[in-house]
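# Structural overview
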Amino acid sequence: MKANEYREVHVTPLVGGIVKEVPVVLGDHVKRGQALAIIFSSELAEAETQYVSYLAELEAEHKKLERTQNLLKLGAASQQEEEEVAATHAAHESHVRAALEKLKLPRASDRQIAALKQAEQIIPIWLCLPPIGGVVLTRNAISVWL
């Protein structure tokens, strides 16, 4: 039986890295979203670290903005100081949004991104997932055991 070329999908990883595991073999029936390969990615580690770092900076800057706004109400800070802190806060918000988009490019799930906020350790593992279910016809990745 010949494969239907119109329904054939080539699944390509969206991050570079080391293939840690390939849990499927030729002929396996796979479902949409089932892991075809598990990849350790230093690119993803860098993006996750940057996102977590920017979140921490934004949180600190948010507290500073609130303090400055309170001091302004009391007359203990100038309008210029408040504007400078607000501008820095806005810049940090922009960095967080950019880092978040960088994570979403390789299709990091919302659950994975939310877990980063709670995580004590970055785990740069990316799952190569098929967009549709089907049968594995070719397998061009092999596991690397370190």
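Refer to the structure presented above.
Not measured: the values here are computed from a predicted model. (Residues numbered from 1 in each chain as written. Predicted model: local features only at pLDDT ≥ 70, side-chain atom pairs only at ≥ 80, totals over all residues. Heavy atoms only, no water.)

## A look at the sheet that holds strand 3 (residues 37–40)
In space, the three strands of this open sheet follow the order 1-3-4, with antiparallel pairing throughout. Edge positions in the sheet fall to strand 1 (18–21) and strand 4 (125–128), since each of these pairs with one other strand and no more. Averaged over neighbouring strand pairs, the angle between their axes works out to 40° when direction is ignored. Both strand 3 and strand 4 contribute to a ladder of four bridges, which runs antiparallel. Its bridge partner lying in strand 4, I38 is registered against L127. (Pairing = 2+ DSSP bridges. Helix = DSSP H or I, 4+ residues; strand = E, 2+ residues; numbered from the N terminus. Axes fitted to C-alpha atoms, helices over the stretch in contact; angles between N-to-C directions.)

## Some details on the pairing of strand 3
Across three bridges, the pairing between strand 1 and strand 3 is antiparallel. Paired with V19 across the bridge in strand 3 is I39.

## Brief notes about the environment of R97
With respect to the helices and strands, R97 occurs in helix 2 (residues 79–104). A relative accessible area of 51% means that R97 is categorised as exposed. Taking the C-alpha atoms as reference points, R97 and E66, 31 residues apart in sequence, are found 21 Å from one another. (Buried < 20%, exposed > 50% of the residue type's maximum accessible area, 1.4 Å probe, protein only.)

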